[in-house]
Amino acid sequence: MLRPETPESLKLAQTLLRDGALVAFATETVYGLGADATKGEAVAGIYAAKGRPSFNPLIAHFADAQSAFAVVEADERAARLAAAFWPGPLTLVLRRAAYCPIASLAGAGLPTQAVRVPQVSDGFRSVLRAFPGGIVAPSANPSGKLSPTTAQHVQAGLGEAVDLIIDGGPCAAGLESAVVDLSGPQPKLLRHGALAQADIEGVMGQKLALDVDPAVKASPGQMVQHYAPSKPLFLNASTAKADQAALVFSDSNGFEQACALEVLSPSGSDVEAAARLFSALHRLDASSARAIVVGEMPVGGLGAAIVDRLRRAAAGRGE
């Protein structure tokens, strides 16, 4: 059921989560499909609802850094990043504490656990506080499909597989969190996201090694084909035909014949483009076009995350 965010719906969300049910909620990145992280059956329900591969781990969400670091082994690097970016679109992969209460299924059986403190409403933060073991919440969409940035996207994608969808309005960032692995001596960027790599490196004072090999499944979003629309998607196009939909960064020259057109940022802002990416793809996927063509995208700042999502969306289905 879809409900606006009210004290009553938040109370219902807490009750449902305690009972092992699934609740979708808004964060600054995308809508998450939440379950009590300490309940193995509830976690399994997420995999079932999404059709998600069991080897793809889940991120546990917490009300604050103190709660997040109570279940993992956090070092000084983690503390610096948390102080700079939490609440916010940064996920840290750390070694599980010996007493970690999070179900092993949430970490795909690995010795690590992904944790973050999201930007959510004050009301939903009170729900997070009620779950000191965390709420695991991947994006609230069928596995491999477009990530949801509105409650309506969740309802259309998952429907009755979700016990409650709390409508918190559109997501501000519209792009998943960046994922940084701090489980070893060399920090690694496992997933580009709504936080620029350079900003993370600036706080850490050292470079991140890139470890976005899709053969590695220590992080969500590392599947080769991921975030995919139902239509074939072709990258690096310079023109569009009348039966094609087009996605461009800021310049639509050459794409005038497209039957549907989405300009991510007329002003050329990579932040605006990232926030609009999934919503634009949803609209193009719902158009009458036989395929989607994508113009050249920026490579700096959040452009790297945008290109990463589009590359995965196109994998094996166009390119």
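The structure this text deals with has already been given above.
Residues numbered from 1 in each chain as written. Predicted model: local features only at pLDDT ≥ 70, side-chain atom pairs only at ≥ 80, totals over all residues. Heavy atoms only, no water.

**Q** Looking at this structure, how should I read the pairing of strand E2 (residues 23–26)?
**A** Every regular strand shows the same layout, with side chains that alternate between the two sheet faces. Covered by surrounding structure in E2 are Val23 and Phe25 together with Ala24 and Ala26, the residues of both alternating faces. Inspection of the sheet shows E2 paired to strand E3 (residues 31–36) by four bridges, in the antiparallel sense. If you follow Ala24 over to E3, its bridge partner there is Leu33. (Buried < 20%, exposed > 50% of the residue type's maximum accessible area, 1.4 Å probe, protein only. Helix = DSSP H or I, 4+ residues; strand = E, 2+ residues; numbered from the N terminus. Pairing = 2+ DSSP bridges.)

**Q** When you look at the pattern of salt bridges in this model, what are you seeing that I'm missing?
**A** This structure, assessed with the given rule, holds eight salt bridges. Across the pair Arg77 and Asp75 runs a salt bridge whose closest N-O atoms are separated by 2.8 Å. Among the residues examined, Arg77 registers a relative accessible area of 13% and is labelled buried. For Asp75, a relative accessible area of 30% gives the class partly exposed. The partner of Arg290 in a salt bridge is Asp243, and the shortest N-O contact between them spans 2.6 Å. On the criterion of sequence distance, the pair formed by Arg290 in the loop between helix H8 (270–285) and strand E15 (291–294) and Asp243 in the loop between strand E12 (233–234) and strand E13 (244–248) is long-range, its members being 47 residues apart. The partly exposed category is assigned to Arg290, whose relative accessible area is 45%. (Salt bridge = Lys/Arg side-chain N within 4 Å of Asp/Glu carboxyl O.)

**Q** How do you make sense of the packing of helix H4 (residues 76–85) against helix H7 (residues 197–204) when you look at a structure like this?
**A** Helix packing geometry: the angle between the two helix axes and the distance between the axes. One way to put it is that H4 packs onto H7 with a least axis distance of 9 Å and a crossing angle of 125°. Classified by the angle their axes make, H4 and H7 are oblique. When the axes of H4 and H7 are compared, the crossing they make is right-handed. Counting all contacts with H4, which are made through Arg77, Arg80, Leu81, Ala84 and Phe85, the residues of H7 involved are Asp199, Ile200, Val203 and Met204. In terms of residue class, the contact of H4 with H7 is built from six nonpolar, no polar and three charged. (Axes fitted to C-alpha atoms, helices over the stretch in contact; angles between N-to-C directions. Parallel < 35°, antiparallel > 145°, perpendicular 65-115°, else oblique. Left-handed = near helix turned anticlockwise from the far one by under 90°. Contact = heavy atoms within 4.5 Å. Nonpolar A, V, L, I, M, F, W, Y, C, P; charged D, E, K, R; others polar.)

Geometry only, nothing functional implied.
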